[in-house]
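Breakdown of the fold
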Amino acid sequence: MRLQCLFVALCAACIRSEECKNEDSHGTEDSSLLQTHSIRSAVHARTILPEAEPEPEPEAEAKSHDDAQFLMRATFGPTAESLSALEGKTHHQWVQEQMALPVEPHRALYRQRINPMFVSSSAGPFGQQRSPCELGARWVRNTFSRMDINLVVEVRGSSAIYVDGVFRTDVAQGDLASEWAGMTNWTGKLCNCLEFVGGSVFLAETNCRYDFAMPNPAVLSASPVATSFSFAGIDNEPDAVVVSDVFENCTLDESAIVEQFGSHYRFDKRLALQANDVGSPLEDDVACVGRNVVNEKFCK
């Protein structure tokens, strides 16, 4: 009996000892968590948060908005550069600065690059025909153009096309023969045309009321001339190019057919306008607008 009581007492002491250990362990864990939380709180408290960017002043924001609106009316639209240049200035000051800049009219640039058709009967006071080798001279792959309307068209034999008695192109033969090869010794006139290779050209023997359509053939020559210049393409006109650079003395005439990049081209007559601007105005009543009530204060 005494042994049983002693065993029970020892077991109770062991159980209490394990409970104490568990309590100490939980206490240690709680203490560690508390210390970790305290350290994190202290670190967070010491962290310096970035300062918020100051909001733009209402007056500066309104000025920027007004400047953008002003440049939309006074120029082709505001840019970062033009807005920066306008800072610290009134709109009146900006206008005065623009008026003091050298005059750079768009007219001169336009007249150098425009390429109107050449009509000899009316070209005199406005300019002269571009030469085949001149920068900006136009060359085309299509055989017919609107300038040929109402002119005589001949198919001689079945191998060559002449316009108004002047050779224009050879006719493709063989396995890939042109439709024009079947028009042997035909003579008529051009009623209308689309100015690109493969576009319809309308022909008639006498009366255009009874016309018929044929494809506008590509220019072809059995003996094309090697070019001494380079071409530049024209947007939206795949069959037309202009002379962009002349490498050496060029002696081509208007009837020449040249070859470049495997294609043949013929010369297309165009008008080169005379310079007529503020610095060098033409003194011609036909080429210039006459004095009137609108311009009389500014005419020289």
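Residues numbered from 1 in each chain as written. Predicted model: local features only at pLDDT ≥ 70, side-chain atom pairs only at ≥ 80, totals over all residues. Heavy atoms only, no water.

**A look at the overall build of the chain**
Along the chain, the regular secondary structure elements total six helices and 14 strands. Here the chain holds 300 residues, and the buried ones make up 27% of them. Counted over contacts in the chain with a minimum sequence separation of 6, partners at least 24 positions apart contribute 57%. Carbon and sulfur atoms provide 55% of the accessible area of the chain, an area that totals close to 21200 Å². (Helix = DSSP H or I, 4+ residues; strand = E, 2+ residues; numbered from the N terminus. Buried < 20%, exposed > 50% of the residue type's maximum accessible area, 1.4 Å probe, protein only. Contact = heavy atoms within 4.5 Å. Areas by Shrake-Rupley, 256 points an atom, 1.4 Å probe, with all protein chains shown as cover.)

**Regarding the environment of V225**
Looking at the element boundaries, V225 is found in strand β9 (residues 225-226). Along the primary structure V225 and L252 are separated by 27 residues, whereas in three dimensions their C-alpha atoms are 8.6 Å apart. Contact partners of V225, with chain neighbours within four places excluded, come to L252, I257, V258 and E259.

**Describing the sheet that holds strand β7 (residues 200-204)**
Sheets are built from strands paired through backbone hydrogen bonds, the pairs being either parallel or antiparallel. Read from one edge of the open sheet, six strands run β5-β4-β3-β6-β7-β8, paired in antiparallel fashion. The sheet is open, and its two edges are formed by β5 (166-170) and β8 (212-215), each paired on a single side. Going from strand to strand, the sheet's axes swing by 40 degrees on average, the running direction of each strand aside. The pairing of strand β6 (residues 186-193) with β7 spans four bridges and is classified as antiparallel. Among the inter-strand pairings, N192 is bridged to a residue of β7, identified as F202. (Pairing = 2+ DSSP bridges. Axes fitted to C-alpha atoms, helices over the stretch in contact; angles between N-to-C directions.)

**Here we look at the pairing of strand β4 (residues 160-163)**
Neither face of β4 is exposed, since A160 and Y162 on one face and I161 and V163 on the opposite face are all buried. Bridging between strand β3 (residues 152-156) and β4 involves four bridges; their strand directions are antiparallel. Of the residues in β4, the one forming a bridge with R156 is A160. The turn joining β3 and β4, which pair antiparallel and follow one another in sequence, is formed by three residues; a positive phi near 65 degrees is taken by G157. Bridge analysis of β4 against β5 gives four bridges, and the strand direction is antiparallel. Counted as the bridge partner of I161 is T169 from β5. What sits between β4 and β5 in their antiparallel hairpin is a turn of two residues, with D164 showing a positive phi close to 55 degrees.

**Quick look at the nonpolar core**
Within the largest apolar cluster, 15 residues are counted, with the highest numbers of intra-cluster contacts made by F144, V153, W180 and L203. Only β3, β4, β6 and β7 provide two or more residues apiece to this core. Per element, the largest residue contribution to this core is three residues, and it comes from β6. Residues in contact with V153, not counting those within four places in the same chain, are F144, I161, Y162, W180, W186, T187, G188, K189, L190 and L203. Of all hydrophobic cores here, the second largest spans twelve residues; its members include C133, F231, V243 and A256. (Core = buried A, V, L, I, M, F, W, Y, C linked by side-chain atoms within 4.5 Å.)

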